[in-house]
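# Residue-level structural notes
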Amino acid sequence: MIQLILFGPPGSGKGTQAARLVDQFHLIHISTGDLFRYEIGNDTELGILAKSYMTKGNLVPDSVTIAMLRKKVAAHPDANGFIFDGFPRTIAQAEALDTLLSESDDTIDALIALEVDEDEIVSRILNRSLTSKRADDGNEAIIRKRIHVYRDETTPVFEYYDAKGLSHSIKGTGTVDSIYDKLQGIVVPLLAAQSEN
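None of the values given here were measured: they were computed from a predicted structure.

## So, the overall build of the protein chain
When helices and strands are tallied, the protein chain shows 8 helices and 5 strands. Ordered by position from the N terminus, the helices and strands of the protein chain form the series β-α-β-α-α-α-β-α-β-α-α-β-α. Among the 197 residues that make up the protein chain, the fraction classed as buried is 41%. Taking the intrachain contacts of the protein chain between residues at least 6 apart in sequence as the baseline, contacts between residues at least 24 apart amount to 71%. As displayed, the protein chain offers around 10,300 Å² of accessible surface, 53% of which is attributable to carbon and sulfur atoms. Distance between charge centres in the protein chain, computed from 20 positive and 29 negative side chains, equals 7 Å.

## Describing the pattern of salt bridges
One pass over the structure, following the stated rule, counts 14 salt bridges. Put simply, Arg-70 and Glu-103 hold a salt bridge, and the shortest N to O gap is 2.7 Å. In this pair, Arg-70 sits in helix H4 (residues 62-74) while Glu-103 sits in the loop between helix H5 (91-102) and strand S4 (110-115), placing the two residues 33 residues apart along the sequence. Taking the relative accessible area as the measure of exposure, Arg-70 reaches 36% and is therefore partly exposed. If you follow the salt bridges from partner to partner, you end up with Glu-118, Asp-119, Glu-140, Arg-144 and Arg-151 in one network.

## Here we look at the packing of aromatic side chains
A ring pair, where both rings are aromatic, is described by two values, the distance of the centres and the angle of the planes. In total, this model carries 3 aromatic pairs according to the counting rule given. Between Tyr-160 and Tyr-161 the ring centres are 4.8 Å apart and the planes differ by 85°, which places this aromatic pair in the edge-to-face class. Taken individually, Tyr-160 and Tyr-161 each receive the classification buried, so the pair is uniform in this respect. Lying across the ring of Tyr-180, Arg-20 places its NZ or CZ 4.5 Å from the centre.

## A word on the side chain of Asp-106
When you line up the elements, Asp-106 lands in the loop between H5 and S4. One buried charged residue, Asp-106, forms no salt bridge at all, with the nearest opposite charge on Arg-70 at 12 Å. Polar contacts involving the side chain of Asp-106 include one to the side chain of Gln-3, which spans 3.4 Å. With sequence-adjacent residues up to four places away left out, Asp-106 is seen in contact with Met-1, Gln-3 and Leu-101.

## Looking at the nonpolar core
Grouped together as the largest cluster of nonpolar side chains are 30 residues, with contacts concentrated most on Ile-5, Ile-30, Leu-69, Phe-84, Leu-97 and Tyr-161. Of all the elements, H4 adds the most residues to this core, at 5 residues. Discounting chain neighbours no more than four positions away, the residues touching Ile-30 are Leu-35, Leu-69, Lys-72, Val-73, Phe-82, Ile-83, Phe-84 and Asp-85. Counting residues in each nonpolar core, the second largest holds 17 residues, with Ile-2, Ala-18, Phe-25 and Tyr-180 among its members.

## Some thoughts on helix H6 (residues 118-132)
With 15 residues, H6 extends 20 Å between its outermost C-alpha atoms, agreeing within 8% with the 21 Å of an ideal straight helix rising 1.5 Å per residue. Along H6, the residues classified as buried are Glu-118, Ile-121, Val-122 and Ile-125. One side of H6 carries all its buried residues, which in axial view fall inside an arc of 100°. Away from the buried face of H6 by more than 90 degrees, exposed residues Leu-130 and Thr-131 are located. Among the residues of H6, the N-terminal cap falls to Asp-117, whose side-chain oxygen and the backbone nitrogen of Asp-119 are separated by 3.0 Å.

About the cut-offs
- Residues numbered from 1 in each chain as written.
- Predicted model: local features only at pLDDT ≥ 70, side-chain atom pairs only at ≥ 80, totals over all residues.
- Heavy atoms only, no water.
- Helix = DSSP H or I, 4+ residues; strand = E, 2+ residues; numbered from the N terminus.
- Buried < 20%, exposed > 50% of the residue type's maximum accessible area, 1.4 Å probe, protein only.
- Contact = heavy atoms within 4.5 Å.
- Areas by Shrake-Rupley, 256 points an atom, 1.4 Å probe, with all protein chains shown as cover.
- Lys, Arg positive; Asp, Glu negative; His and termini not counted.
- Charge placed at Lys NZ, Arg CZ, Asp CG, Glu CD.
- Salt bridge = Lys/Arg side-chain N within 4 Å of Asp/Glu carboxyl O.
- Phe/Tyr/Trp six-rings, centres within 6.5 Å; stacked < 30°, edge-to-face > 60°.
- Lys NZ or Arg CZ within 6 Å of the ring centre and 35° of its normal.
- Polar contact = N/O pair within 3.5 Å; in protein donor to acceptor, adjacent residues only side chain to side chain.
- Core = buried A, V, L, I, M, F, W, Y, C linked by side-chain atoms within 4.5 Å.
- Expected span 1.5 Å × (residues − 1).
- Arc of directions from axis to C-beta.

Keep in mind these numbers describe shape, not what the thing actually does.
Put into structure tokens, the structure is as follows:
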């Protein structure tokens, strides 16, 4: 079972590339945003708990997010692996994810970051705003703030896994196919190594 973390700022094409990895390698894509929407939308016990923090304007504790991840992972015992998207964002979350995976003798195999120039991201998201109907996609100041928050939050996590020799960085510009080729260049050898063990 392969465990990947996919990093990338908003508008980096992460969702597009994750979908291709899922299709080719039969992985489960775990987006924390999707998890929260599902749990809250279905009024699950975890969703109600998360909402109780959010309605007061508080951050949802990592323990609640990890519980959602544990539930999602447990629902797919026969998966070839998982792509974690939007998590971990802090060192504490990375350590919690490592602990969760260790319960089933698993570890993160690679963190892959899609690197895209800030002005390119702004341009992409402003273009996306024409069809996305998201107000924040049309505001350049908000877009730049989101990029800076992403970089501030995720740089320490990249370094955390880099110290273990697991972090990779690829250019997120060019054609969708050329970016995917770079991703495959990391993922395929990992899968090959696992199949030999």
